[in-house]
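# Understanding the architecture of this molecule
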Amino acid sequence: RMVAKQQADQRSIDRLDDLGRDLDYSPISPSTLREACRLWATARNSGNATSSKDALDGDVILAAQALELGAIVITSNRKHLSTYGVTARDWSEV
């Protein structure tokens, strides 16, 4: 059973590697993280936090990167990203 799980895990990693060869991606930079901190603090201080105070807010990191790249985010959760001024489209619109 453990071997089957490890094989399934490896297949998932292999698919992710294949995707990485087919798509361009931008690593998260220190400037992206600084922008994410600024967005996070602004949202939290204005009462518009998109996660609990104890949670790592992945939406704000994604938002910071999208803003830096001028990218449109395809998601099923446009509300959180719009909090940060990101252009987001629902999967069904693509």
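Preceding block: the structure.
What comes next is a walk through the structure. Treat the numbers as computed from the prediction; the structure is a model and nothing was measured. (Residues numbered from 1 in each chain as written. Predicted model: local features only at pLDDT ≥ 70, side-chain atom pairs only at ≥ 80, totals over all residues. Heavy atoms only, no water.)

### A look at the overall build of the protein
Heads up, the rule is: Note on conventions: DSSP H or I runs of at least 4 residues are helices, E runs of at least 2 residues are strands, and numbering of each starts at the N terminus. Our radius of gyration looks at C-alpha atoms and nothing else; its globule reference is 2.2 Å times the residue count to the power 0.38. Note on exposure labels: buried denotes an accessible area under 20% of the residue type's maximum, exposed denotes more than 50%, and partly exposed covers the range between, all computed with a 1.4 Å probe on protein chains only. Residues are treated as being in contact if the distance between any of their heavy atoms lies within 4.5 Å.
Scanning the protein from N- to C-terminus turns up four helices and two strands. Listed N to C, the secondary structure of the protein is α-α-α-β-α-β in terms of helices and strands. Its C-alpha radius of gyration of 16 Å places the protein more than 25% over the 12 Å reference for a compact globule of 94 residues. Dimensions along the principal axes, computed over C-alpha positions, put the protein at roughly 50 × 30 × 30 Å. Per-residue burial over the protein gives 21% buried out of 94 residues. Intrachain contacts of the protein at a sequence separation of at least 6 include 40% that bridge at least 24 residues.

### Describing the environment of S31
In this structure, S31 sits in helix α2 (residues 30-45). For the pair formed by S31 and D14, sequence separation is 17 residues and the distance between their alpha carbons is 30 Å.

### Section: the side chain of Q65
Tracing the chain through its elements places Q65 in helix α3 (residues 58-69). With relative accessibility at 13%, the residue Q65 sits in the buried group. Setting aside chain neighbours within four positions, we find Q65 in contact with S26, P27, I28 and T32.

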